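# Analysis of the macromolecular model
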Amino acid sequence: MTKHLKYTPWVLMAPFLALFLLTFVLPILAAVGSSFTKVRREGLFGEEGVVSEFAWFENYAQALADGGFIASIGRMVLFGLVQVPIMMLLATVLAILLESASARWPGFFRAAYFLPYGIPGVIATILWSFLYVPGLSPIIDAAAVVGVELDFLGPSTVLWSIANIVTWTYTGYNMMIIIAQLKSIPGELYEAARMDGAGSWQVAWKIQLPLIRPALVLTTVFSIIGTMQLFAEPQVLSTSSPAIDSQYTPNLSAYTTAFAYNAYNAAAAQAVLIALAAFILSFAFLRLTNRKSV
């Protein structure tokens, strides 16, 4: 009986492990393997067949030599340095306000702030495009009446228009994670703080912020990874903004390389480099936050 119980956890986990291997581990291994190979066509028009051969780091060299791809990574780093702190600040402030004792209808406002996360990125971008596109946007029309010319999709503004969509979509999601951490704070700490004469600002600064640090770190890491994966918003807006080219973000660049130029091996190398960039940025952030906490 004991011998059978020993394998029970593995039997129960088998469906998840199989799904995890098929949908996560194997695609990653296939992408990494593809990034180290190249396709060579025999004959003048490839009529003699196609041969896959080991390419060492040739695909990676090609990706790193692509100025548009490198520029897209730098653009997303700039995007993250501005957008992620603003989004995290908004999410933290909203979470603390909704969990304060004086908050009215907190359940309603939690649902309202979380609602944008339930809207797919493509739909959200289409909705926001009605406020960005000249001739459709009431904001642009109203500004023109008073002599102010707005261009939300210009070369210098479209990145921040995308940042606005991302902030609107994910602030509520991050807020809910922070609220879950706030709810785990023992009530005795609040009572002790009030007995010591601490005000709302002191409670937030001295008690809540230090204790929700794990949630802040987690949501920030998720946001950094999501920044490097930005795809839907710029792709949809590219039809309205000439400033967004086919290599505006790293994922767009890899998509274009794979499906516009049929260079799947080079696209796999770009995908691996995107993953490495996300890992390096996340690791650097974690090291920075751990150093500050020591």
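Residues numbered from 1 in each chain as written. Predicted model: local features only at pLDDT ≥ 70, side-chain atom pairs only at ≥ 80, totals over all residues. Heavy atoms only, no water.

Turning next to the packing of helix 3 (residues 67-98) against helix 7 (residues 158-183). The geometry of helix 3 relative to helix 7 is characterised by a closest axis approach of 7 Å and an angle of 40° between their N-to-C directions. Between helix 3 and helix 7, the crossing angle belongs to the class labelled oblique. The hand of the helix 3/helix 7 crossing is right-handed. Its residues assigned to classes, the contact of helix 3 with helix 7 shows 22 nonpolar, five polar and one charged. (Axes fitted to C-alpha atoms, helices over the stretch in contact; angles between N-to-C directions. Helix = DSSP H or I, 4+ residues; strand = E, 2+ residues; numbered from the N terminus. Parallel < 35°, antiparallel > 145°, perpendicular 65-115°, else oblique. Left-handed = near helix turned anticlockwise from the far one by under 90°. Nonpolar A, V, L, I, M, F, W, Y, C, P; charged D, E, K, R; others polar.)

In this structure the tally under the stated criterion is 20 aromatic pairs. Measuring from centroid to centroid gives 5.8 Å for F16 and F20, while their planes differ by 25°, and the two rings are stacked. Of the two residues, F16 and F20 both sit in helix 1 (residues 2-35), four residues apart, roughly one turn of that helix. Here F16 falls in the exposed class, since its relative accessible area comes to 52%. Classification of F20 by relative accessible area gives partly exposed; the value is 34%. Consider the rings of F54 and W56, whose centres lie 4.8 Å apart with planes at 75°: the pair is edge-to-face. Residue classification places W56 among the exposed positions, given a relative accessible area of 60%. (Phe/Tyr/Trp six-rings, centres within 6.5 Å; stacked < 30°, edge-to-face > 60°. Buried < 20%, exposed > 50% of the residue type's maximum accessible area, 1.4 Å probe, protein only.)

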